[in-house]
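# Breakdown of the fold
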Amino acid sequence: MLAFVQVLGVSAEDETVACFVSGELSSRRFGRNLRSHLAAAGQAEQLLTHPDLADAGATSARRALLAATRGYGENRDLFEDFPAHVTWTRALLSADEAAGVRYLDHSYWVELSGGIRRPTDAAARIEAGLRAFDVEPDDGPDRVVDAADRHRDGPWYRVRTDRFRNDQ
């Protein structure tokens, strides 16, 4: 078990965007819209499932998808008031550190977690059958509860950099 956050290194913005849209693809709440935009752009899911960070066209396509579906770089939706310059970092968290993680200050996550913004609180509320704004939680209670359960078993969040290497 880690005793403190272990910083693995800086993550390029293109890597972060690739990781974000890859995660959205498997979301019941956001995946359908992302797939629709992929199809409209004439792109295959492989753009997201096997990102080639060395391919400038593919990188641009992923950014355009994130902009179209979530407002990235357009100061709207999820990315409203998001800073223009961000240093992204890859890190490992211990179970205790993960238990202290808080959701972003967004109305859905504040409501879902009962105002506390911790995934463990959201998981408990989901298990109790509560919803935020009568919206099915992202990917249903199983995924949120599973993430909350994993925090008790050691490091639960790792960016899979092996999926985003340029040499694969």
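Before any of the text, the structure's been laid out above.
The paragraphs below set out a description of the structure included in this document. (Residues numbered from 1 in each chain as written. Predicted model: local features only at pLDDT ≥ 70, side-chain atom pairs only at ≥ 80, totals over all residues. Heavy atoms only, no water.)

This paragraph deals with helix H2 (residues 31-40). All buried positions along H2 are accounted for by Gly31, Leu34 and Leu38. Around the axis of H2, the buried residues are gathered within 65° of arc, so they sit on the same side. Residues of H2 that are exposed and point over 90 degrees away from its buried face: Arg32, Ala39 and Ala40. Buried residues along H2 sit against helix H1 (13-25), helix H3 (46-49) and helix H4 (56-70). Directly beyond the C-terminal end of H2, a positive phi value near 70° is found at glycine 42. (Buried < 20%, exposed > 50% of the residue type's maximum accessible area, 1.4 Å probe, protein only. Helix = DSSP H or I, 4+ residues; strand = E, 2+ residues; numbered from the N terminus. Arc of directions from axis to C-beta. Contact = heavy atoms within 4.5 Å.)

Within this model, the second largest pocket holds a volume of roughly 170 Å³. The wall of the second largest pocket is formed by Glu13, Gly71, Tyr72, Gly73, Glu74, Asn75, Phe79, Phe82, Pro83, Ala84, Val86 and Trp88. Among the residues making up the lining of the second largest pocket, the classes are represented as seven nonpolar, three polar and two charged. (1 Å grid on protein atoms, 1.4 Å probe; cavity = no way out; pocket = protein on both sides within 12 Å on 5 of 7 lines; lining within 4 Å. Points joined across faces, edges and corners; volume = space filled by probe spheres on them. Nonpolar A, V, L, I, M, F, W, Y, C, P; charged D, E, K, R; others polar.)

As a further point, take the side chain of serine 27. Position of serine 27 among the secondary structure elements: in the loop between H1 and H2. A polar contact is formed between the side chain of serine 27 and the backbone nitrogen of arginine 29, at a distance of 3.1 Å. Looking at serine 27, its side chain comes within polar contact range of the main-chain nitrogen of phenylalanine 30, at 3.0 Å. (Polar contact = N/O pair within 3.5 Å; in protein donor to acceptor, adjacent residues only side chain to side chain.)

Between its first and last C-alpha atoms H1 spans 18 Å; for 13 residues at 1.5 Å apiece the expected length is 18 Å, and the two agree. Along H1, the positions that sit buried rather than exposed are Glu15, Thr16, Val17, Ala18, Val21, Ser22, Glu24 and Leu25. Residues of H1 that are buried sit in contact with strand S1 (6-11), H2, H3, H4 and strand S2 (88-92). (Expected span 1.5 Å × (residues − 1).)

A word on the nonpolar core. If you look at the biggest cluster of nonpolar residues, it comprises 13 residues, and the most contacted ones within it are Leu34, Leu38, Leu47, Leu48, Leu65 and Leu66. Secondary-structure elements contributing two or more residues to this core are H1, H2, H3 and H4. With four residues, the single largest contributor to this core is H4. The next biggest cluster of nonpolar side chains, apart from the first, holds seven residues, and it includes Tyr108, Trp109, Ala122 and Ile126. (Core = buried A, V, L, I, M, F, W, Y, C linked by side-chain atoms within 4.5 Å.)

This brings us to the packing of H2 against H4. At a minimum axis separation of 10 Å, H2 and H4 run at an interaxial angle of 130°. Judged on the interaxial angle alone, H4 and H2 are oblique. You can see that H2 and H4 cross each other, and the crossing is right-handed. For the pair H2 and H4, the contacting residues are Asn33, Leu34, His37 and Leu38 in the first and Leu65, Ala68 and Thr69 in the second. Broken down by class, the residue content of the contact of H2 with H4 amounts to four nonpolar, three polar and no charged. (Axes fitted to C-alpha atoms, helices over the stretch in contact; angles between N-to-C directions. Parallel < 35°, antiparallel > 145°, perpendicular 65-115°, else oblique. Left-handed = near helix turned anticlockwise from the far one by under 90°.)

Further remarks concern the pattern of salt bridges. One pass over the full model with this rule turns up eight salt bridges. Close ionic contact of arginine 90 with glutamate 15 constitutes a salt bridge, the shortest N to O distance being 3.4 Å. Here arginine 90, found in strand S2, pairs with glutamate 15, found in helix H1; they are 75 residues apart in sequence, far enough to count as distant. Each member of the pair, arginine 90 as well as glutamate 15, is classed as buried. Across the salt bridge formed by arginine 118 and aspartate 121, the nearest N and O atoms sit 2.8 Å from each other. Salt bridges sharing common partners tie together Glu13, Asp14 and Arg63. (Salt bridge = Lys/Arg side-chain N within 4 Å of Asp/Glu carboxyl O.)

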